[in-house]
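Each chain, letter by letter, is given below.
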Amino acid sequence: MPIYEYRCPNGHVFELFQKIGDAQPEKCEVCGEGPLERVLYPVAVHFKGSGFYTTDYGRGSGKKPPSKDGDAPSEPAKPKEEKKKAAEA
């Protein structure tokens, strides 16, 4: 069973050990005032190291693996004649 922390309008803070489905208390245990407010705290999570998002979600490293034959360019080379024709026009 979790421990919940409540705060009353007068500023008193107290903990209550109760089930998740149990109703919130109506009055403060210290002074008897109400309504109470459940106090929430942020969860302590630490993301350490560089590249957390790129390595954990399987999108790859962004680097292309080298070609199998080693010297083949990824794009086909254009003939020089086409460049000369474009320059003359």
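For the structure itself, consult the block above.
Residues numbered from 1 in each chain as written. Predicted model: local features only at pLDDT ≥ 70, side-chain atom pairs only at ≥ 80, totals over all residues. Heavy atoms only, no water.

Chemist: Can you explain the environment of valine 30? Please cite residues and give values.
Modeler: The topology assignment puts valine 30 in the loop between strand 2 (13-17) and strand 3 (37-39). C-alpha separation for the pair valine 30 and valine 13, spaced 17 residues apart in sequence, amounts to 8.8 Å. (Helix = DSSP H or I, 4+ residues; strand = E, 2+ residues; numbered from the N terminus.)

Chemist: So what about a nonpolar patch on the surface? Which residues, and what values?
Modeler: On the surface, Met1, Ile3 and Phe17 cluster together to form a nonpolar patch covering roughly 360 Å² of accessible area. Of note, methionine 1 is situated in the segment before strand 1 (3-7). (Patch = residues over 30% accessible without salt bridge, like charges linked within 9 Å, V, L, I, M, F, W, Y side chains within 5 Å. Areas by Shrake-Rupley, 256 points an atom, 1.4 Å probe, with all protein chains shown as cover. Salt bridge = Lys/Arg side-chain N within 4 Å of Asp/Glu carboxyl O.)

Chemist: Before we move on, can you summarise the sheet that holds strand 1 with the specific residues and values?
Modeler: Strand order in the open sheet formed by three strands is 2-1-3, and the pairing between neighbours is antiparallel. Both outer strands of the open sheet, strand 2 and strand 3, are each paired with one neighbouring strand and no more. Between one strand axis and the next, the sheet turns by 40° as a mean value, whatever way the strands run. When strand 1 meets strand 3, the two strands line up antiparallel, connected through three bridges. Bridge pairing in strand 3 links tyrosine 6 to arginine 38. (Pairing = 2+ DSSP bridges. Axes fitted to C-alpha atoms, helices over the stretch in contact; angles between N-to-C directions.)

Chemist: Account for unusual backbone geometry, with residues named and values stated.
Modeler: Residue proline 35 is bonded to the preceding glycine 34 through a cis peptide linkage, with omega at -5°. Looking at the element boundaries, proline 35 is found in the loop between strand 2 and strand 3.

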